[in-house]
Amino acid sequence: MASWGNLQPLSTELYTLLQYGLFLVLFFFLPFLGVIIGGSTVSLLLSFLGKEKRDPAYLRFSKEMMETVMTGKSALFMFGLVPVLLVWFIYARIFFDATPLPWHFWSAVLAVLVAGFALLHVYRSAWRRPPSPSPFHVMSGAAGLLALFFAFFLFSQGYGVLFNPEKLSLLREHIRFFLSWNAVVKYLLFLAVFFGMTGGGILLLGGRSAEGKEAPDASYRGLVRDIGAKLTFLATLVLPVFVLLDLVTLPEIALSATVFATAAIVLLLSLAVCLILSLPSGKKEGGPGARIATLYVLIFLAVLVHDHAAVGNAYQDRIASLNMQAKAVEAEHAKEAPREEPAAGGKTAAETGKAVFETNCAGCHQFDIRVVGPPLNEVVPKYAGDVEKLKGFIRNPVKVNPDLPSMPNLGLPEEEIDAVARYLIGRVKPGGSP
Ligand code: HEC
């Protein structure tokens, strides 16, 4: 990915396009992965319970579950792996100058996904040989499921980075900034949606045999309905908790009226699902399956729109600034004028200062435009050439402008603080222009 760092900055239109691209990819990828995770969990639990209770109905449903959710290899490739590559590409374009997620990260996600799919495939194929899978096959199914849970956890953490552009420059230095509470909440939120969707799907198909050969008997259908209803109900009970936690953990700059409104819609839809499930269903019209499944499609859409809006807010400033950067780059190319280095302070010191600036500050600061932090041409003159005062701020940033987020303490070593402060004072003259 390092080689992609030289790409030209994007225009606003391309950014918007990338965001819609991401929306579309997630729209296919998440339900696909979600139903595999949900279905495999149910199948493994049932195969375990079925052996415990010696009930063939459990085993039969466990088998049907696997046959429904684990589709052929080409579908796994198309909907389970290709989307990750697309997201990788979209991220590389969005973060082209920050490289927060190296190729190792995406390769790890892919490798764990492939391992998970392969192990689940082994488990699924065991059902073809009656009566039921051996402990070895169940183990491989469980391992495959764990792998998928883990791969999706990694994926969610990467996804979480999108909502928090302030972290980008920190991320380059310290991998611990990769983890965020918001991303953990999103992981759990999506899992709740996955299980709710799976439950809705079970209610919808209602124990109709996958092959459609034998007419399922009433007690089997009853069992399937019961499992579907319980799963959906539990998932829908916890979902609102994660929706609220998501609002709490999202950084301030990602919030907007749309973000709140979509969260409210998810809450209302969850309430509707719970109501439908707790009302006694009219036996004749085939149960609540279709309504629940539709509601879950809407819930999923609302969650995606919610995230899409939040990412849009988080990137508004960045997009605007990149757009201006693109114009500046063009203008500079047109002029072809060699830039004068500031003479003051000796060549090497100025170069160290510049290097410290590029690695630690440039992610949030430009000289002439606002990125995350204010344009330095506006704030550095306040220090009137006082290097010590500026060093004091960098060493220990305090809240200055209520309209901006606070600057984090970067924990730089003293020499680097000194070098970067001198560089800034040298470059931005007290008069104002650089
Ligand atoms: C994560 C983003 C981020 C990084 C990285 C960052 N800053 Fe800031 N910086 C900010 C924000 C946000 C503010 C506005 C803070 C405020 O007004 O309370 C700010 C404000 C400032 C100010 C103005 C202070 C004032 O008195 O108004 C200076 C000077 C500054 N930063 C220098 C630096 C330097 C030098 C570095 C690198 C060593 C750096 N910043 C790295 C986000 C960042």
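This text follows the structure it describes.
A brief report on the enclosed structure follows. (Residues numbered from 1 in each chain as written. Predicted model: local features only at pLDDT ≥ 70, side-chain atom pairs only at ≥ 80, totals over all residues. Heavy atoms only, no water.)

Turning our eyes to something else, we now look at the coordination of the iron atom of the ligand. Ligation of the iron atom of the ligand by protein atoms is provided by His365 (NE2) and Met407 (SD), these donors lying 2.0 to 2.1 Å from the ion. Metal-centred angles of 87 to 179° between the six donor atoms at the iron atom of the ligand mark the site as octahedral. Note that His365 is positioned in the loop between α11 (347-360) and α12 (376-379) and Met407 in the loop between α13 (387-395) and α14 (414-427), a separation of 42 residues in sequence. Under the relative-accessibility criterion, Met407 is labelled partly exposed at 27%. (Donors = N, O, S within 2.8 Å, 3.2 Å for Na, K, Ca; no water. Tetrahedral: all angles 85-135°; square planar, octahedral: opposite > 155°, others 65-115°. Helix = DSSP H or I, 4+ residues; strand = E, 2+ residues; numbered from the N terminus. Buried < 20%, exposed > 50% of the residue type's maximum accessible area, 1.4 Å probe, protein only.)

Bringing the site of the ligand into the picture now. Taken together, 27 residues are adjacent to the ligand, and Cys361, Cys364, His365, Tyr383 and Met407 come closest. In this structure, an oxygen atom belonging to the ligand sits 2.7 Å away from a side-chain N or O atom of Lys382. Residue contributions to the shell around the ligand peak at three residues, all from α13. Taken together, the residues of the shell around the ligand break down into 18 nonpolar, six polar and three charged. (Near = heavy atom within 4 Å. Polar contact = N/O pair within 3.5 Å; in protein donor to acceptor, adjacent residues only side chain to side chain. Nonpolar A, V, L, I, M, F, W, Y, C, P; charged D, E, K, R; others polar.)

Now for the packing of aromatic side chains. Using the criterion set out here, one finds 16 aromatic pairs in the structure. Each ring, one from Phe152 and one from Phe194, has its centre 5.1 Å from the other, and the planes form 45°; the classification is tilted. Linking Phe152 in helix α5 (residues 135-161) with Phe194 in helix α7 (residues 181-205), this pair joins segments that are 42 residues apart in sequence. Among the residues examined, Phe152 registers a relative accessible area of 2% and is labelled buried. A relative accessible area of 0% places Phe194 in the buried class. Taking 5.0 Å as the distance between ring centres and 85° as the angle between the ring planes, the aromatic pair formed by Phe153 and Tyr187 counts as edge-to-face. Within this pair, whereas Phe153 is found in helix α5, its partner Tyr187 is found in helix α7, the two being separated by 34 residues in sequence. In this structure Phe153 comes out as partly exposed when scored by relative accessible area, which is 23%. Within the aromatic cluster, the residues linked to one another by ring pairs are Phe29, Phe152, Phe153, Phe155, Tyr159, Tyr187, Phe190 and Phe194. When the ring centre of Phe367 is taken as reference, the NZ or CZ atom of Arg427 above it lies at 3.8 Å. (Phe/Tyr/Trp six-rings, centres within 6.5 Å; stacked < 30°, edge-to-face > 60°. Lys NZ or Arg CZ within 6 Å of the ring centre and 35° of its normal.)

Moving on, we get to the side chain of Lys391. Tracing the backbone through its elements, the reader meets Lys391 in helix α13. Look at Lys391 and you get buried, because its relative accessible area is 8%. Within the structure, Lys391 has its side chain in polar contact with the side chain of Asp418 (distance 2.8 Å).

The next subject is the packing of helix α4 (residues 103-126) against α5. Here α4 crosses α5 at 155°, and the two axes come no closer than 7 Å. As the angle between them shows, α4 and α5 are arranged roughly antiparallel. Here the hand of the crossing between α4 and α5 comes out left-handed. (Axes fitted to C-alpha atoms, helices over the stretch in contact; angles between N-to-C directions. Parallel < 35°, antiparallel > 145°, perpendicular 65-115°, else oblique. Left-handed = near helix turned anticlockwise from the far one by under 90°.)

The analysis is restricted to geometry; functional conclusions fall outside its scope.
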